[in-house]
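Tertiary structure, described
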Amino acid sequence: GIQVEQSPPDLILQEGANSTLRCNFSDSVNNLQWFHQNPWGQLINLFYIPSGTKQNGRLSATTVATERYSLLYISSSQTTDSGVYFCAVEEGSGGSNYKLTFGKGTLLTVNP
Amino acid sequence: NAGVTQTPKFRILKIGQSMTLQCTQDMNHNYMYWYRQDPGMGLKLIYYSVGAGITDKGEVPNGYNVSRSTTEDFPLRLELAAPSQTSVYFCASSRPAVSYEQYFGPGTRLTVT
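This write-up is about the structure you can find in this document. Since we're looking at a predicted model, the values are computed, not measured.

How each quantity is defined
Residues numbered from 1 in each chain as written. Chains lettered and ligands numbered in written order. Predicted model: local features only at pLDDT ≥ 70, side-chain atom pairs only at ≥ 80, totals over all residues. Heavy atoms only, no water. Helix = DSSP H or I, 4+ residues; strand = E, 2+ residues; numbered from the N terminus. Rg over C-alpha atoms; globule rule 2.2 N^0.38 Å. Disulfide = S-S within 2.5 Å. Buried < 20%, exposed > 50% of the residue type's maximum accessible area, 1.4 Å probe, protein only.

Secondary structure summary: chain A contains zero helices and eleven strands in total. For chain A, the N- to C-terminal ordering of α and β elements is β-β-β-β-β-β-β-β-β-β-β. Relative to its length of 112 residues, chain A is compact, with a C-alpha radius of gyration of 14 Å against a globular reference of 13 Å. Seen through its C-alpha atoms, chain A measures out along the principal axes to roughly 45 × 25 × 20 Å.

For the rest of this paragraph, the subject is the state of the cysteines. According to the stated counting rule, one finds two disulfides over all chains in the structure shown. Through a disulfide, Cys23 of chain A is tied to Cys87 of chain A; the S-S separation comes to 2.1 Å. Its S-S torsion of approximately -60° makes the covalent link between Cys23 of chain A and Cys87 of chain A left-handed. One end of the pair, Cys23 of chain A, is in strand β3 (residues 19-25); the other, Cys87 of chain A, is in strand β9 (residues 83-91), with 64 residues separating them in the sequence. Across this residue pair, the class does not change: Cys23 of chain A and Cys87 of chain A are buried. Between the sulfur atoms of Cys23 of chain B and its disulfide mate Cys91 of chain B the distance is 1.8 Å.

Right, here's the structure in full:
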């Protein structure tokens, strides 16, 4: 099956700093999503981004499907951004019933 | 809209006991999924369903069973619980005809001792 690698595994920032999280995947994807898991365990969908660039407030994401990676940018980080960020992909060109394979995540800690 | 709800939030089981984790969604989503998350790991797919009456195995189905008798509900059954099933279980749903995004419930933390 497809492999999903996220880097860095851990990241510590001071409030106000910017950061870039990376997701590499081993095969072509039909679907790529970024999730934030807050310290209470709730998973929130941030972006559906199989290709191209999207922005939502201080967060933006870019996926270069031909080079098999995606980046999540967090600008002017806040303590509420702390948690684990997951990249999840659906491999192939469809027909897999939208099943997602998750990376191991990046644990982000934003200190005040 | 309550979204995706899961019960119970926490549960401790003894080895060999059985239980059912409940999942309900009120968004009229046809696809539903069960994942487990072990410490320091990403989520792994246990079972999924593409609609009422249709279920299929994911990556780690052993030790679990599911049913889907209605669009709203997708219970996960653990038979003969084992310590290896200690995990956090998440239910998710989606409606790909509208959006590929999956929406997650709050999770059930299960400990088997």
